[in-house]
4 protein chains.
Amino acid sequence: MIKAGIVGGTGYTGVELLRLLAAHPDVELSVITSRGEKGTKVGELFPNLRRRIDLVFVEPDDALLKDCDVVFFATPNGTAMKSVPMLLEAGVKVIDLAADFRLQLTGEWEQWYGMPHACPDLLTEAVYGLPEVNREAIRSARLVANPGCYPTAIQLGFLPLLEAGVIDPQSLIADAKSGVSGAGRKAEVGILLCEASDNFKAYNVPAHRHLPEIRQGLTLVTGSPVTLVFAPHLVPMIRGIHATLYATLTDSSVDLQALFEQRYASEPFVDVLPPKSHPETRSVRGSNQCRLAVHRPQNGKTVVVLSVIDNLVKGAAGQAVQNMNLMFGLLESAGLDGIALLP
Amino acid sequence: MIKAGIVGGTGYTGVELLRLLAAHPDVELSVITSRGEKGTKVGELFPNLRRRIDLVFVEPDDALLKDCDVVFFATPNGTAMKSVPMLLEAGVKVIDLAADFRLQLTGEWEQWYGMPHACPDLLTEAVYGLPEVNREAIRSARLVANPGCYPTAIQLGFLPLLEAGVIDPQSLIADAKSGVSGAGRKAEVGILLCEASDNFKAYNVPAHRHLPEIRQGLTLVTGSPVTLVFAPHLVPMIRGIHATLYATLTDSSVDLQALFEQRYASEPFVDVLPPKSHPETRSVRGSNQCRLAVHRPQNGKTVVVLSVIDNLVKGAAGQAVQNMNLMFGLLESAGLDGIALLP
Amino acid sequence: MIKAGIVGGTGYTGVELLRLLAAHPDVELSVITSRGEKGTKVGELFPNLRRRIDLVFVEPDDALLKDCDVVFFATPNGTAMKSVPMLLEAGVKVIDLAADFRLQLTGEWEQWYGMPHACPDLLTEAVYGLPEVNREAIRSARLVANPGCYPTAIQLGFLPLLEAGVIDPQSLIADAKSGVSGAGRKAEVGILLCEASDNFKAYNVPAHRHLPEIRQGLTLVTGSPVTLVFAPHLVPMIRGIHATLYATLTDSSVDLQALFEQRYASEPFVDVLPPKSHPETRSVRGSNQCRLAVHRPQNGKTVVVLSVIDNLVKGAAGQAVQNMNLMFGLLESAGLDGIALLP
Amino acid sequence: MIKAGIVGGTGYTGVELLRLLAAHPDVELSVITSRGEKGTKVGELFPNLRRRIDLVFVEPDDALLKDCDVVFFATPNGTAMKSVPMLLEAGVKVIDLAADFRLQLTGEWEQWYGMPHACPDLLTEAVYGLPEVNREAIRSARLVANPGCYPTAIQLGFLPLLEAGVIDPQSLIADAKSGVSGAGRKAEVGILLCEASDNFKAYNVPAHRHLPEIRQGLTLVTGSPVTLVFAPHLVPMIRGIHATLYATLTDSSVDLQALFEQRYASEPFVDVLPPKSHPETRSVRGSNQCRLAVHRPQNGKTVVVLSVIDNLVKGAAGQAVQNMNLMFGLLESAGLDGIALLP
């Protein structure tokens, strides 16, 4: 059994990680930390975990964490980077669900996240944990930067087109919509039920921190910088991301459906729907699947890709478990076979 | 492997049964019928089941069903009773998720359901599938009447009090609230999102078909007729039942918390919360748990019990699987260890 | 034109008061205060009021408030009582939408609200602003205690029965359900969309501050203490209260429908539905109406009353405007003729 | 008083028209027809209208309708065109809220709506009722084709850019999101609460009937055909449309904010927000306002316009009343001063 620790397990990413790890056949949860909730039983804070997880939140404790085989950070940005070097040195593998290791350039990271980076040397070692792109590198990684939720949905949608070179990489538009859990479990007025339900709005259209992450990932594919307009929106629902992607086709003869099906034929967690489909976020609610559909309206020059994930699973905790499975040589889908809850 | 068939799998009870059985370690789904959707792939109608269930809906076919070890009916009321005698004769065990076998008195059934009963002799043979009351009888049953959703939540809440004789059985009030999935997957104006969301209302206060079912169950416990006022309400959410139960205490010295904890100490699917708790429906979303709390406001003469279940799981498909497990000598919780999705 | 001021207009009660007063034919909004938002334009905080209200939030300022004809307090409990004596002395009429003047007994107030009262002598002068009970007293009041949301819905439902003496006043149960806006516009985790949507739960069953307020109001009607069990619940919707009321009939010959229709025949804001009806909260969304229905299930000993209001209108800002209309001799329904938004 | 009739008032457009006309100072509602609900009181079907509208639904009756000054059609597509010639001949003005007169080319209409047109000669006479474009023509029109909901939000967003000639008319993308009421009050499985809530999806990406309507409107502005990709999505909320519009700038020196502010400076129902704003659908819930914001992310070549309306008001019934006001020489905003309900 792999001994796993979680740092900062009181947010939505944390409780989802707990749900998945509690049911994972090869994992033993050995420690979960939280400064604010120390002494609280997990099942008291998250009643869905009553009778399933007996752990109590403890204060962060280096000795306990060093005793783990793997440590997940489900902390705010800027926290993991302070402890990761110590853990790596102790031989512990680390998966960071925050953004501390997602960007490779120190300057870019510091600009977008507004603080100095505590261990810039690790930025290049960290492997970006998108298995559909970096599977082999993940297998041998000590440190995995788990991708953001929007970046996961958007990159999986653009990848086949960019890899095949059939779109203009300067024409990318990602109109993305997220459930409110993407904003985290924070006491903020803007995400109260009375503010966010029965309502729809865009936010951060001028700039969103996931923009450089997506651009970096797509640029690695094309080999040259891409231009991306990224407009995120808040949907009055709990879970789910729906990315609607637009790009200008440069090769109008390509069979888009075949391109997508072939690219993802052997992927356990990417499901290409039949032509003319419209994936729904609820079809992945609670599951690690990404479902995709590709359209070419009016047979015009613009390709439209629809991509859905559960932001807390394939967009966070599920992908983290998928990465752990790869890092420890387990079956990639171990503990990830939950079927989406519908309705 | 147990060969299971489902008749009428296109409703919410059906898709939930499919989700649970697809992941059940001891079951092989062999046939699923639907007149309306014959020829449709299961994964086409319910995209959460893509890549997990390869079956195609077929027309009801006696030969295919007779070849099963167990057949679940997830059909409208009045359908199962037409086929059950034939299946029992063929040695197939049957679990009816509709109401055809829930009442023992033919006259009462015909009055509440407005049609003649096709096999009244089976009404007395059928075992009412509430394991917390009838576990041993279910083990040896050929035919199980799976309880209704409200009756499950309400009976589990009143049982400890009635069994202990500490409340006046003429004073029962069940103010119950259900998510909209309880109304089924039917094209009806009243359950459209635009009619039922951002709204709350009672319905069927003069009379609801679950009233005689609950009264029958509680009367079996007390040995004499109970008086119950039952007021159901529609909650703008998908899944979940919350029953708020009121009764007049006849023994004011009873330790209510201890009474509930002892009654359910060994039950795998009933969880009594600590004193002063308020169970939430989301704490059981997608799981087979019932969570209960008991209160005595102002230390007065009225006891208040709060009882939550997922109407599609413990209130329907999950309880059906629990009954199947008992009928076939499997681990009672096999295939039912899914943790509730929260948030 | 009546010059009106609002103290503390940044909550949901405040914005609703602004919406109603901005359209009131006889009112001129002259000042609105908020420490936290001073300098912010009203339309910036509440974009629905753009182009309709040009005011800017200012710091509380006694001189400005004294210059008003009426001041509304939409502040947290314990704030109004500090300024009310000064305003009354200056000849300003005051309507407090918080709880500072709702209880008549100082000791009881201090026990439930956990602080000393700043002007206990005004507790007896303050008129409880439920026009259906206290219309004449309100007309001549200097200080009106605007009722709580639950107390409004519950008292209007019980009143006809208690006034007629046809129920046992020791048998009252109020199972009440509120939309989340009842909890206010506060940054708290429990009312985040991700915590409160797709969920249902009871809360404060052991004790809720509206309990003594309701008991006080009902006791004034009966002349002797009533016993009330009050169980509030949180509904995943924005606005609306639905109270389901139970009581034991002492006179089984009473015509309940006629009793309710006669009691409220001339009330502009209480609408008794036909027999067998189930009022919906959305039928009063944004309006000052209370809609009621009365049932006697199975013709038994228990009467069931269903009562709905919009907690922010008849349960707060609308009732405050209704009280202002009475206090200033205006048409009671002035500015309150908005039709509920449905769907 | 203007005598108004409504044909087909049982849908969401109908009830919203009733709500607005019941409060309109210059209108007397004289007849409302519905085959299915004939004999039903309006307040029985729509309880928000109890005590406000005493009418009873009657069967369509030419004599009654001919006696009106104006008749609104809130009927399914293909209905109005059968009666309009008769009414116009009788001197009655007509406003069609369906699509019968929205396209000018008979062939195009018949292709998209799949039936022959009953009075193609009227297609060119009908005035497209978007006051911000056609105000003068509407004033003198006998027959107004009330725009679709998506077309209203999208055209108002693109108009300033196309009129000023600062974008490439071949580069238009409209990623639009609608609340579920846009689908109407129809008994269909896809818009049940359990199907559409806590979910997000695109639909009709290959082709939607509003596409030719939007193209026609924008082409009239530019004078040459535009290319538009239109991707509609379903949002789990009741009311509201949010259109996110993308286009390639051809003039990178234009002051976009000033352009929008000047274009709509004197429009009573178009509100341009300050720079960096994100309009919310709830800020127009129940009101006739359209709120717009314009962005240029990363100062790049793509302009992003955010446009919100209430699909049932500015996108249907409110715009119809605005058109009526113009046709009868009333104040354009008469009966349309309701403030959006927030929260």
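Thresholds, definitions, all that
- Residues numbered from 1 in each chain as written.
- Chains lettered and ligands numbered in written order.
- Predicted model: local features only at pLDDT ≥ 70, side-chain atom pairs only at ≥ 80, totals over all residues.
- Heavy atoms only, no water.
- Pairing = 2+ DSSP bridges.
- Helix = DSSP H or I, 4+ residues; strand = E, 2+ residues; numbered from the N terminus.
- Contact = heavy atoms within 4.5 Å.
- Axes fitted to C-alpha atoms, helices over the stretch in contact; angles between N-to-C directions.
- Least-squares fit on C-alpha atoms with pLDDT ≥ 70 in both.
- Domains from an automatic or database assignment.
- Buried area = accessible area lost by both parts, 1.4 Å probe.
- Salt bridge = Lys/Arg side-chain N within 4 Å of Asp/Glu carboxyl O.
- Polar contact = N/O pair within 3.5 Å; in protein donor to acceptor, adjacent residues only side chain to side chain.
- Nonpolar A, V, L, I, M, F, W, Y, C, P; charged D, E, K, R; others polar.
- Phe/Tyr/Trp six-rings, centres within 6.5 Å; stacked < 30°, edge-to-face > 60°.
- Buried < 20%, exposed > 50% of the residue type's maximum accessible area, 1.4 Å probe, protein only.
- Lys NZ or Arg CZ within 6 Å of the ring centre and 35° of its normal.

Q: Looking at this structure, I do not really get the sheet that holds strand S1 (residues 2–7) of chain A. What am I missing?
A: Through backbone hydrogen bonds, the strands of a sheet pair up, either in parallel or in antiparallel fashion. Residue and element names in this part refer to chain A. Read across the sheet, six strands follow the order S2-S1-S3-S4-S6-S5 without closing on themselves; strand pairing throughout is parallel. Strands with a single pairing partner mark the edges of an open sheet, and in this sheet they are strand S2 (27–33) and strand S5 (127–128). As paired elements, S5 and strand S6 (residues 143–145) share two bridges and run parallel to each other. Bridge pairing in S6 links valine 127 to valine 144. Together, strand S3 (70–73), strand S4 (93–96) and S6 form the strand contacts of helix H4 (residues 80–89), whose direction differs from that of S3 by roughly 175°.

Q: Can you walk me through the relation of the copies chain A and chain D in this structure?
A: Copy one and copy two of the chain differ by a rotation about an axis and a translation along that axis. When chain A is fitted to chain D, the residual RMSD is 0.0 Å, and the transformation amounts to a turn of 180° plus an axial shift of 0.0 Å. Taken together, these values place the two copies in the relation of a two-fold axis. For chain A, the minimum C-alpha distance to the rotation axis belongs to A:Pro236 and amounts to 3.2 Å. Both copies present the same face, since 98% of the interface residues in chain A are matched by interface residues at the equivalent positions in chain D.

Q: Explanation requested: the domain arrangement of chain A in the structure shown.
A: Put simply, an interface is often sized by how much accessible area is lost when its parts join up. All names here are of chain A. Assigned domains of chain A: these are domain 1 (2–125) and domain 2 (150–311). A straight line from the C-alpha centre of domain 1 to that of domain 2 covers 27 Å. For the pairing of domain 1 and domain 2, the buried interface totals around 1300 Å² over both sides, and the portion due to carbon and sulfur atoms is 51%. Between arginine 239 and glutamate 16 there is a salt bridge, with its nearest N and O atoms 2.7 Å apart. For the pair domain 1 and domain 2, the number of links is seven residue pairs in polar contact (both at pLDDT 80 or more). Elements supplying a minimum of two residues to the side of domain 1 that touches domain 2: helix H1 (12–22) and helix H5 (106–113). Its residues assigned to classes, the side of domain 1 that touches domain 2 shows six nonpolar, four polar and four charged.

Q: Explanation requested: the packing of aromatic side chains in the structure shown.
A: Pairs of aromatic rings are described using the distance from one ring centre to the other and the angle between the two planes. Residue and element names in this part refer to chain B. Under the definition given, this model contains 11 aromatic pairs over all chains. With a centroid separation of 5.0 Å and 25° between ring planes, the pair formed by tryptophan 109 and tyrosine 113 is classed as stacked. Note that tryptophan 109 and tyrosine 113 are positioned in helix H5 (residues 106–113) at a spacing of four residues, about one turn of the helix. Here the two residues tryptophan 109 and tyrosine 113 agree in accessibility, since each one is buried. Against the face of phenylalanine 328 rests lysine 93, its NZ or CZ located 4.9 Å from the ring centre.

Q: Can you help me understand the interface of chain A and chain D in this one?
A: The interface of chain A with chain D comprises 46 residues on the first partner and 45 residues on the second. Buried surface at the junction of chain A and chain D, both sides included, amounts to about 3700 Å², of which 57% is carbon and sulfur. Of all residues in chain A, A:Asp198, A:Phe200 and A:Gln298 bury the most surface against chain D, accounting for 16% of the area lost on that side. Where chain A touches chain D, the interface holds six salt bridges. Taken together, the links from chain A to chain D amount to 32 residue pairs in polar contact (both at pLDDT 80 or more). Those elements that provide at least two residues to the side of chain A that touches chain D are strand S7 (172–179), helix H9 (193–196), strand S8 (201–202), helix H10 (210–222), strand S9 (228–235), strand S10 (241–248) and strand S13 (302–309) of chain A. The dominant element in the side of chain A that touches chain D, judged by the number of residues it contributes, is S9(A), at five residues. Residue composition of the side of chain A that touches chain D, by class: 22 nonpolar, 13 polar and 11 charged.

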